[in-house]
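One letter stands for each residue in the lines below.
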Amino acid sequence: MAALWRGCGRLLARRPGAAQALTAGALMGAGDVIAQQLVEQRGLHGHHCPRTLKMMGIGFCFVGPVVGSWYRILDWLIPGNTKVVAVKKMILDQGGFAPCFLGCFLAVTGAVNGLSVQDNWSKIQQDYMDALMTNYCIWPPVQIANFYFVPLQHRLAVVQCVAIVWNCYLSWKANRM
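Parameters and conventions
- Residues numbered from 1 in each chain as written.
- Predicted model: local features only at pLDDT ≥ 70, side-chain atom pairs only at ≥ 80, totals over all residues.
- Heavy atoms only, no water.
- Helix = DSSP H or I, 4+ residues; strand = E, 2+ residues; numbered from the N terminus.
- Rg over C-alpha atoms; globule rule 2.2 N^0.38 Å.
- Buried < 20%, exposed > 50% of the residue type's maximum accessible area, 1.4 Å probe, protein only.
- Contact = heavy atoms within 4.5 Å.
- Areas by Shrake-Rupley, 256 points an atom, 1.4 Å probe, with all protein chains shown as cover.
- Core = buried A, V, L, I, M, F, W, Y, C linked by side-chain atoms within 4.5 Å.
- Axes fitted to C-alpha atoms, helices over the stretch in contact; angles between N-to-C directions.
- Parallel < 35°, antiparallel > 145°, perpendicular 65-115°, else oblique.
- Left-handed = near helix turned anticlockwise from the far one by under 90°.
- Salt bridge = Lys/Arg side-chain N within 4 Å of Asp/Glu carboxyl O.
- Disulfide = S-S within 2.5 Å.
- Phe/Tyr/Trp six-rings, centres within 6.5 Å; stacked < 30°, edge-to-face > 60°.
- Expected span 1.5 Å × (residues − 1).

**Student:** Give me the lowdown on the overall build of the chain, citing residues and values where you can.
**Tutor:** A count of helical and extended segments in the chain gives seven helices and zero strands. Along the chain direction, N to C, the helices and strands of the chain fall in the order α-α-α-α-α-α-α. Taking 2.2 N^0.38 as the reference for a compact globule, 177 residues should give roughly 16 Å; the C-alpha atoms of the chain span a radius of gyration of 16 Å, in line with that estimate. Expressed as a percentage of the 177 residues in the chain, the buried residues total 42%. Of all intrachain contacts in the chain linking residues separated by at least 6 positions in sequence, the fraction that spans at least 24 positions is 70%. Accessible surface, the chain as shown: approximately 9,500 Å² in total, 71% of it carbon and sulfur.

So, in structure tokens, the structure goes:
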């Protein structure tokens, strides 16, 4: 286990984008497995593996790169790690980035699931506000702590660990027809 942890640390130091994408993909997949097994109670025989693979792909190709880049941009826009800086970052993150990201996430998930443009737009209209309000119940305190206590290179991993529950919710919400 220690060797795995050291290997992850080396990958994060050498290739932070790749490490963040792999982490996001793995944890998006974990969130989908939890959604299917605990929330939807599908059981092992009813588990929809292609859905889990799609969620992992979305984490790897979309969530990891976008959120990792956002954190670097946010640190560039608002440097520092005081309490006031953490609150400013949270306000920009939750007021600007989160609403846009959530809409894009729902659109990407709909497209990956094969929805037509019209069906995808209807699904976004149906799910967006509920998902955004749920986002605001979870993420502001997490992000203040993240921006204040956690170094930049580890922020996505911290968020993704908390996000296993969030990913479970998003997977259930995005894949509910």
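And the narrative resumes.
**Student:** Describe the nonpolar core, naming the residues involved and giving the relevant values.
**Tutor:** Proteins that are soluble and globular tend to have nonpolar side chains buried together. Formed by 33 residues in total, the largest nonpolar core has its most connected members in Val63, Leu102 and Phe105. Only helix 2 (16-39), helix 4 (49-77), helix 5 (83-112), helix 6 (117-149) and helix 7 (152-175) provide two or more residues apiece to this core.

**Student:** Give a description of the packing of helix 5 against helix 7 that names residues and reports values.
**Tutor:** Closest axis-to-axis distance for the helix 5/helix 7 pair is 13 Å, and the angle between their directions is 45 degrees. Taken together, helix 5 and helix 7 sit at an angle that is classed as oblique. When you trace helix 5 past helix 7, the crossing you get is right-handed. Residues Lys89, Leu102, Phe105, Leu106 and Thr109 of helix 5 form the contact with helix 7, whose own contacting residues are Arg155, Trp166, Leu170 and Ala174.

**Student:** How would you sum up the pattern of salt bridges? Please name residues and give values.
**Tutor:** Applying the stated rule across the entire model yields six salt bridges. When the shortest N-O distance is used, the salt bridge between Asp32 and Arg51 registers 2.6 Å. Here Asp32, found in helix 2, pairs with Arg51, found in helix 4; they are 19 residues apart in sequence, far enough to count as distant. Of the two residues examined, Asp32 and Arg51, each falls in the buried class. For the salt bridge of Asp75 with Lys89, the shortest nitrogen-to-oxygen distance reads 2.5 Å.

**Student:** Describe the state of the cysteines, naming the residues involved and giving the relevant values.
**Tutor:** Throughout the structure, instances matching the rule amount to zero disulfides. Cys104 supplies the cysteine sulfur nearest to Cys100, a cysteine that is in no disulfide, at a spacing of 6.7 Å. Look at Cys100 and you get exposed, because its relative accessible area is 52%. Classification of Cys104 as partly exposed rests on a relative accessible area of 41%.

**Student:** Tell me about the packing of aromatic side chains, and name the residues and values.
**Tutor:** In total, this model carries seven aromatic pairs according to the counting rule given. For the pair Tyr71 and Phe147, a centre-to-centre distance of 5.8 Å together with 80 degrees between the ring planes defines the contact as edge-to-face. Placement of the pair is Tyr71 in helix 4 and Phe147 in helix 6, with a sequence separation of 76 residues. Here Tyr71 matches Phe147 in class, with each residue buried. Aromatic rings pair up to connect Phe62, Trp70, Phe97, Phe101 and Phe105 into one cluster.

**Student:** Report on helix 2, specifying residues and quantitative values.
**Tutor:** Along an α-helix, residues three or four positions apart point the same way, because every turn accommodates 3.6 residues. Helix length check: helix 2, at 24 residues, gives a terminal C-alpha distance of 33 Å against a target of 34 Å (1.5 Å per residue), a fit within 8%. Taken residue by residue, helix 2 has Ala19, Gln20, Ala21, Ala24, Gly25, Leu27, Met28, Gly29, Gly31, Asp32, Ala35 and Gln36 as its buried positions.

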